[in-house]
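Single-letter residue listing:
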Amino acid sequence: MRILISLYRLSIGGSHINAIEIGSLIKQRGHDVIVYSPDGPLRERVAELGLEYVPTGPARRYPPSVASVRHLNALVRERQIDLIHAYEWSPTLEAAYGPHLSMGTPVLSTVYATEVPPFVPRNLPMIVGYTNELDIERGRGRKRVYTVVCPVDTEANAPVADRSPARKRFGLRDDDLAAVVVSRLSHELKREGLLSAITAVGLVDPALNLRLLIVGGGPCREELQDAADAMNARLGREAVTLTGPLLDPREAYAAADIVLGMGTSAQKGMAFAKPVVIQGERGYWEALTPESMPKYLHHNFYGLGDGSDGAPRLAAIIGELARDRGRWPELGEFGRKTALAVFSNEAAADRVMEICDDVAARPESSGRRAAGVLRASGLFAGIRVVDFGRRAGARLRHPMPIRG
């Protein structure tokens, strides 16, 4: 089978890395795999894994432009693509409006976001990460929906016997308590949690010598750096460090005493056998334990808080973990065993290939394809109109520009 993996970008992020690594394993199973995306930092990883890379033509927009759809149509026709595996909603729409509608090319959509947008065509088969999203999509009327827990390379991400080189790289002393976050520094829910984590540093007992390492890049880097500088000045030491993006953040996980994060970041912390604190939205923080694990397998290693300030909550969790260091090996071993059993790359690749075979074997009629895309287009247009009205109203109320 000739499979085109379509990505929104080759930026350093969980779903993009997963797509490339799973694509490599599928290629090893004897299939032709092409990665289709705008260029980016992960281009090097694509080459390392021996995958063919084809850049997109025009820049991708919301919704997909006519030019980008035509470019994709031409590629699918020229390379005789059997199936498009589109990750997240924008590449999915591009494939649905293009080769799926005009040529009948099967499209499999994978959406690992915490919520699937309602305008993604419901006739398309879809992979989601957890049973919560599976139940939601079935309730919306999506007939063909599958779960594949967002995978992690558990061989590359594994405990190390000697952490000293990794800790030395980040300037950590032996008596520092290192809490590490690996995340894209976005203006969305992650920004809220990262600012909360910086505030929490000032609430933890100074005797713990807490060091917070924030690993990643993104649009709110400057805002977070300002907050980190203010906290460091207040404490009179470098307590918060922004390392910038790392193409390979494994040393950061190895250096950590505690990993903070959501989604694949939390899963990689588990793979490294670290105590993990789950980050969510609206002030949510909670330690990952055998008791709390079932709900995170259902809800994508993520939670929703009550809207109160999460900094005191996180500070209390870190303090409790620091006082009970004897429990760290137990929590680490449990996390590592769960990672091996539930979300290894090999298991995910086997499951994804089964789904690809099923999708390719059951193509849709032209009428059903057209109906699905038409309905999705109407929903997308309606949401765009509402969003435009909201932003226009906000600009009338506030003369200064609104940051989207």
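Basis of the calculations
- Residues numbered from 1 in each chain as written.
- Predicted model: local features only at pLDDT ≥ 70, side-chain atom pairs only at ≥ 80, totals over all residues.
- Heavy atoms only, no water.
- Buried < 20%, exposed > 50% of the residue type's maximum accessible area, 1.4 Å probe, protein only.
- Helix = DSSP H or I, 4+ residues; strand = E, 2+ residues; numbered from the N terminus.
- Pairing = 2+ DSSP bridges.
- Right-handed = clockwise from strand over helix to strand, strands pointing away.
- pLDDT = per-residue confidence, 0-100.
- Contact = heavy atoms within 4.5 Å.

(A) Region of interest: the pairing of strand S4 (residues 83-87). By the criterion of burial, S4 is predominantly enclosed, with five of the five residues buried. Residues Leu83, His85 and Tyr87 of S4 are buried on one face, and the alternating residues Ile84 and Ala86, pointing to the opposite face, are buried as well. Of the pairings in the sheet, the one linking strand S1 (residues 2-6) to S4 comprises four bridges and is parallel in character. When the sheet's bridge partners are listed, isoleucine 3 is paired in S4 with leucine 83. Here S4 pairs with strand S5 (residues 107-111) via four bridges, running parallel. What sits directly across from tyrosine 87, in S5, is threonine 110.

(B) The pairing of strand S12 (residues 276-279), seen in detail. Alternating residues of S12 divide into Val276 and Ile278 and Val277 and Gln279, and every residue in both groups is buried. Alignment of strand S11 (residues 258-261) against S12, held across three bridges, turns out to be parallel. Residue pairing for S12: valine 259 is matched across the bridge by valine 276. At this point the chain moves from S11, through helix H10 (residues 263-271), to the parallel S12, and the crossover so formed is right-handed. Pairing of S12 with strand S13 (residues 285-287), which is carried by three bridges, proceeds in the antiparallel orientation. Bridged to valine 277 within S13 is alanine 287.

(C) How the structure looks around the confidence of the model for the protein. The share of residues in the protein with pLDDT of 70 or more is 90%, and the mean pLDDT across the chain is 88. For residues 383-404, every residue scores under 50 in pLDDT, and the model assigns this stretch six contacts once sequence neighbours within four places are set aside.

(D) Representation of the environment of lysine 268. Inspection of the secondary structure puts lysine 268 in helix H10. Lysine 268 sits in the buried class, given a relative accessible area of 16%. Distance from lysine 268 to tyrosine 253, taken between C-alpha atoms, is 7.7 Å for residues 15 residues apart in sequence. Not counting residues within four places of it along the chain, the set of residues in contact with lysine 268 comprises Ile17, Val152, Asn157 and Tyr253.

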